[in-house]
Amino acid sequence: MRGIMGVAGYPIGHTLSPAMHEAAFKELGLNMAYHAFEVRLENLSDAVKGIRGLGLKGMNVTIPHKVEVMNYLDEIDNLAAEIGAVNTIVNRDGRLKGYNTDGEGYFQSLREAAGSSLEDKRVLVIGSGGAARAVAVTIAKNGVGELVITNRTLQKSENLAETCLKFANTTVLPMGRAQARLTEFDVIINTTSVGMYPETGSMPMSMEMLSRGTIVSDLIYNPLKTRWLKEAEKRGGIALNGVNMFVYQGAIAFKLWTGVEAPIRVMREAVLRNLKGE
Ligand code: NAP
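Since this is a predicted model, take the numbers as computed values, not measurements.

### Details of the side chain of T226
Position of T226 relative to the elements: it lies in the loop between β11 (215-218) and α8 (227-234). Side chain to side chain, T226 and D218 meet in a polar contact 2.8 Å long. Leaving out residues up to four positions away in the same chain, T226 has contacts with G195, D218 and I220.

In structure tokens form, the structure reads like this:
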């Protein structure tokens, strides 16, 4: 099986996707390659045409193009349309279809950590940007007891809640009120960039009110354990970082492109090696 894939974004310098996918190709003996393409917004339309023209198998799309790229595709998968963003393009005989594997990737990692369905759980999502949309819509579609969304800019939470309400019981709370009610949640998810390298001293929300046994999940994977996750662990929380989400979103894209199950363990090891600078 031959093929070329890649990731398009701007800037693209520090992406871990090439190392992760190349490790998977090597493990399975696939004659494939994965490149990082630095694509400015004004070149995005040409870059997408290039997928067809050059016969690439597909492409991941990352910041800042996940929404804009939807204008240049032939078809959008239902979940991606509901999320409102595409992170994976598949080229089937010149026809380009857009998917969003971030939400499913996250959901797989959360289900593993939770060990059971979320149908009777109360889940707090902090943030309402692109990653929050993928996470919240996917959780809502898969079934959840109650979904509560909070964000610095509350209007964005209202917009996201409007989509989630089609699938699940969803409410919006201002940050301060969500923080005061922290004990009520079974799962608390940070989807903001607060605490990400190099601003590693910041936290999206105080953990003072956290109950023991609460699952506390941060989408950030650099650092591997944010200050927020460390604070949560000190108070008996169960910490989940963003590594598995990243690996699973890549594994779902890998299967869409190759038709083959992705070697998850090898992909995770490649990501961790890179994050630890080995
Ligand atoms: P985004 O669309 O730019 O959204 C950023 C979010 O962070 C918004 O809710 C924003 O609030 C909030 N925010 C930013 N700075 C803030 C501050 N100083 N105080 C309070 N809130 C702040 O970005 P994104 O694509 O959703 O990515 C968010 C995070 O998820 C990043 O850390 C990214 O690395 C991570 N991520 C991880 C994976 C993975 O595979 N593990 C995948 C995707 C994303 P406002 O709306 O008020 O601006």
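### So, the sheet that holds strand β6 (residues 95-99)
Hydrogen bonds between backbone atoms are what pair the strands of a sheet, whose relative direction is either parallel or antiparallel. Pairing within the open sheet is mixed, and its six strands lie in the order β2-β1-β3-β5-β6-β4. Edge positions in the sheet fall to β2 (31-38) and β4 (75-76), since each of these pairs with one other strand and no more. As defined by bridge partners, β4 adjoins β6 across two bridges and the pair is classed as parallel. Bridge assignment links E75 to a residue of β6, and that residue is K97. Its contacts with the sheet place helix α1 (residues 17-28) against β1 (2-9), β2 and β3 (58-61), and it is angled at close to 175° to β2.

### What to know about helix α2 (residues 44-54)
One full turn of an α-helix is made of 3.6 residues, so residues set three or four places apart face in the same direction. All of the buried residues along α2 are L44, V48 and I51. Burial along α2 is one-sided: seen end-on, the buried residues are contained in an arc of 40°. Among the exposed residues of α2, those pointing more than 90 degrees away from its buried face are G53 and L54. Taken together, the buried residues of α2 touch β3, β5 (88-92) and β6. Within two residues after α2, G55 carries a phi angle of roughly 70°, on the positive side.

### Points about the sheet that holds strand β9 (residues 170-172)
Across the sheet, six strands lie side by side as β9-β8-β7-β10-β11-β12; this open sheet has parallel pairing. Strands at the two margins of the open sheet, each flanked by one partner only, are β9 and β12 (238-240). Taken pair by pair, the neighbouring strands of this sheet meet at an average axis angle of 20°, ignoring direction. Here strand β7 (residues 122-126) pairs with strand β10 (residues 187-190) via four bridges, running parallel. Within the sheet, the bridge partner assigned to V123 lies in β10 and is V187. Packing against the sheet, helix α4 (residues 102-114) makes contact with β10, β11 and β12, and its axis sits at approximately 155° to β11. Running at roughly 170° to β11, α8 makes contact with β7, β10, β11 and β12 of the sheet.

Each value, and the rule that gives it
Residues numbered from 1 in each chain as written. Predicted model: local features only at pLDDT ≥ 70, side-chain atom pairs only at ≥ 80, totals over all residues. Heavy atoms only, no water. Helix = DSSP H or I, 4+ residues; strand = E, 2+ residues; numbered from the N terminus. Polar contact = N/O pair within 3.5 Å; in protein donor to acceptor, adjacent residues only side chain to side chain. Contact = heavy atoms within 4.5 Å. Pairing = 2+ DSSP bridges. Axes fitted to C-alpha atoms, helices over the stretch in contact; angles between N-to-C directions. Buried < 20%, exposed > 50% of the residue type's maximum accessible area, 1.4 Å probe, protein only. Arc of directions from axis to C-beta.

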